[in-house]
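Observations on the three-dimensional arrangement
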Amino acid sequence: MAGLTIERVTKHFGDHAAVDAMSLAIEPGEFVALLGPSGCGKTTMLRMLAGFEAVSQGEIHLGDTLLASATQHTPPEARNMAMVFQSYALWPHMSVADNVGYPLKLRQIRGADYQRRVAQALDLVALGPYAARTPQDLSGGQRQRVALARCLVTDPAVVLLDEPLANLDRHLRASMEHGFADFHRRTGATMVYVTHDQHEAMALADRIAVMRAGRLVQWATPETLYRRPRTPWVASFIGQGSQLMLGAGAPGQHVASTTLMQGLHAPEHQRTHTVLVRPEHVYIHANAPTSQDLTARVERQTFRGERFEVHLRLPDGVALMAYHPEALHEGQQVGLTLTEGWGLEADT
Ligand SMILES: Nc1ncnc2c1ncn2[C@@H]1O[C@H](COP(=O)(O)OP(=O)(O)OP(=O)(O)O)[C@@H](O)[C@H]1O
């Protein structure tokens, strides 16, 4: 196993920097997601790791080995990495076993060693009984597992995955998420996973690199991104919540309930601090609203099974989102307690 180091990597297409001075130190065996909206440079970064794109500036190392710099480019086949694509890229007329074994044939591995490694890779994705079928006779999820087995068979140090679940329906995506987590546990490979789906990234990754317009905006565990997002943009990209302008709250610090409540009542010109309040930190007093310092009107609510998602409006017009176990009435006045907040720094 080896870690990957990305040092101030930039990729220009003409005048446009698709990736701009990106740095990440990925630990050996870590499962990392590159997350961001369409066009933020995730795929370009992954393709530079794979060696399909040259870097314009910066360096990429695998362990102690320099793979890429402005003056050096190790070709993809010499990087000991494997890539899984959204489109699976399987050979339609070859059997599942032949698809999986193809990279071994390219490396002149034959005979008993070949058979053993194909069988092991198929077992790892629970497709042993499907070895003789062709990909056409498999479901989308099974095809993606064949693609995984094929990338494993060569024992790569790093597995790169480019939106591998994008073509699957929601139900299958959830079960494949378990499949990927299991696959990662069993192989211990370093994995870099590109997605624009925050739920997928949060469910799978040890750490997430959040990208925007070619730049890294935050590099942290899923829990840290949710609880301690750096900027308003990250806070709105990850999870739900409301961003309030308050007369209190320092960037990068928790804001206690009393400070929050006082900060909300500060004169408008003093309300210069952006504070994130997640819905689970908004407590609704449905029965005695007038005894509360803070009141709001219920604008609408959505039933989510285990709870209602409630959209509220404060007297000064600010929107706030909360969860509540029971149905409320639209237009109803409720009292609120904000139990905690998180101070954000300005977007860069
Ligand atoms: N070969 C290329 N030539 C010119 N511009 C490119 C090329 N590849 C990507 N780009 C541009 O670089 C930027 C980043 O593209 P990239 O595909 O890396 O984004 P992404 O975050 O993976 O997006 P998506 O989620 O839509 O795949 C985009 O503006 C894109 O148009």
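Residues numbered from 1 in each chain as written. Predicted model: local features only at pLDDT ≥ 70, side-chain atom pairs only at ≥ 80, totals over all residues.

Per an unreviewed UniProt entry, the protein chain goes by ABC transporter ATP-binding protein and derives from Halomonas dongshanensis.

**A few points about the overall build of the protein chain**
Quick reminder of the rule: Comment: elements are numbered from the N terminus, with helices defined as DSSP H or I runs of at least four residues and strands as E runs of at least two. Note on contacts: each residue gets a C-beta atom placed from the backbone, and two residues are in contact if those atoms are within 7 Å.
Summing up its helical and strand segments, the protein chain has 9 helices and 19 strands in all. Nonlocal contacts in the protein chain, meaning residues at least 24 apart in sequence, comprise 67% of its contacts between residues at least 6 apart.

**Description of helix α3 (residues 111–124)**
This is how it is decided: The length a helix should cover is 1.5 Å for every residue beyond the first. Partly exposed residues are those whose C-beta has more than 12 but fewer than 20 other C-beta atoms within 10 Å; 20 or more makes a residue buried and 12 or fewer makes it exposed, with C-beta atoms placed from the backbone. Throughout, the arc means that of the directions going from the helix axis to the C-beta atoms.
Across its 14 residues, α3 extends 20 Å between first and last C-alpha, which sits within 8% of the 20 Å expected from 1.5 Å per residue. Of the positions making up α3, those classed as buried are Val118, Ala121 and Leu122. In a view along the axis of α3, the buried residues occupy a sector of 100°, so they form one face of it. Turned more than 90 degrees off the buried face of α3, the exposed positions are Ala112, Asp113, Arg116 and Asp123. Packed against the buried residues of α3 are α2 (96–106) and α4 (140–152). Positive phi appears at Ala126, one or two residues downstream of α3, with a value of about 55°.

**So, the UniProt feature "domain: ABC transporter" (unreviewed entry) in the protein chain**
Under the convention used in this document: UniProt positions are given in the numbering used here, feature names are shortened, and annotations may be inferred rather than shown by experiment.
UniProt annotation of "domain: ABC transporter" (unreviewed entry) refers to residues 4–238 when read in the numbering used here. Helix makes up 36% of residues 4–238 and strand 27%, whereas the separation of the span's terminal C-alpha atoms amounts to 25 Å.

**A short note on the site of the ligand**
Going by this rule: Near, for a residue, is defined by distance from a backbone-placed C-beta atom to a molecule or strand, with 6 Å as the limit that must not be exceeded. Side-chain classes follow a simple rule in which Ala, Val, Leu, Ile, Met, Phe, Trp, Tyr, Cys and Pro form the nonpolar group, Asp, Glu, Lys and Arg form the charged group, and the remainder, Gly included, forms the polar group.
Every residue near the ligand is listed here: Phe13, Ala18, Gly36, Ser38, Gly39, Cys40, Gly41, Lys42, Thr43, Thr44 and His196. Broken down by element, the shell around the ligand gets its largest block of residues, 3 residues, from helix α1 (residues 42–50). Taken together, the residues of the shell around the ligand sort by class into 3 nonpolar, 7 polar and 1 charged.

**A short note on the sheet that holds strand β4 (residues 57–62)**
Formally: The criterion for strand pairing is that DSSP finds at least two bridges linking the strands in question. For helices, the fitted axis covers only the stretch in contact; all axes are lines through C-alpha atoms, and the angles between them, taken along N-to-C directions, range from 0 to 180 degrees.
An order of β2-β1-β4-β5 is seen for the 4 strands of this open sheet, with the pairing classed as antiparallel. Only two strands of the sheet have a single neighbouring strand rather than two, namely β2 (16–26) and β5 (65–68). Each neighbouring strand pair of the sheet contributes to a mean axis angle of 30°, computed without reference to strand direction. Taken together, the 7 bridges between strand β1 (residues 4–13) and β2 define a ladder with antiparallel strand orientation. Each bridged residue has a counterpart across the sheet, and for Leu4 the counterpart in β2 is Ile26.

**Here's the deal with the pairing of strand β17 (residues 319–324)**
Two elements, strand β16 (residues 308–313) and β17, share 6 bridges in a ladder whose sense is antiparallel. Looking at β17, one finds that Leu312 is bridged to Leu320. Hairpin geometry of β16 and β17 is characterised by an intervening segment of 5 residues between the two adjacent antiparallel strands and by a positive phi of about 95° at Gly317.

**Section: the environment of Val298**
Tracing the chain through its elements places Val298 in strand β15 (residues 294–303). On the neighbour-count criterion, Val298 (22 C-beta atoms within 10 Å) is buried. Along the sequence, Val298 and Gln333 sit 35 residues apart, while their C-alpha atoms lie 6.5 Å from each other. Look past the residues within four positions of Val298 in its chain and what remains in contact with it is Val310, Leu312, Leu328, His329, Glu330, Gly331, Gln332 and Val334.

**A few points about the domain arrangement of the protein chain**
The condition that has to hold: An automatic or database domain assignment provides the domain bounds reported here.
Structurally, the protein chain comprises domain 1 (4–230) and domain 2 (240–343). One C-alpha centre belongs to domain 1, the other to domain 2, and the line joining them spans 40 Å.

**Structural notes on the packing of α2 against α4**
So the rule is basically this: Each crossing is labelled by how the near helix is turned from the far one, with a counterclockwise turn of less than a right angle marking it left-handed and a clockwise turn marking it right-handed.
Across the interface, α2 lies against α4 with an axial gap of 7 Å and an inter-helix angle of 30°. Crossing angle aside, the handedness with which α2 passes α4 is right-handed. Counted together, Val96, Asn99, Val100, Tyr102 and Pro103 of α2 and Val146, Ala149 and Arg150 of α4 form the full contact between these two elements. Each residue belonging to the contact of α2 with α4 can be placed in one class, and the counts come to 6 nonpolar, 1 polar and 1 charged.

**What about unusual backbone geometry?**
Positive phi is not limited to glycine here, since Gln108 has a value of about 60°. Examined against the element boundaries, Gln108 turns out to sit in the loop between α2 and α3. A positive phi angle is found at Glu163, which is not glycine, with a value near 45°. The topology assignment puts Glu163 in the loop between β7 (158–162) and α5 (170–187).

**Regarding the sheet that holds strand β3 (residues 31–35)**
The 6 strands are arranged β6-β7-β8-β3-β9-β10 in an open sheet whose pairing can be described as mixed. Edge positions in the open sheet fall to β6 (81–84) and β10 (215–220), since each of these has one partner strand only. Strand after strand, the sheet turns through a mean of 20° between neighbouring axes, direction not considered. Examined bridge by bridge, β3 and strand β8 (residues 190–195) share 5 bridges and lie parallel to one another. Across the sheet, the residue bridging to Phe31 is Met191, located in β8. The sheet strands contacting α4 are β6 and β7, and the helix crosses β6 at an angle near 170°.

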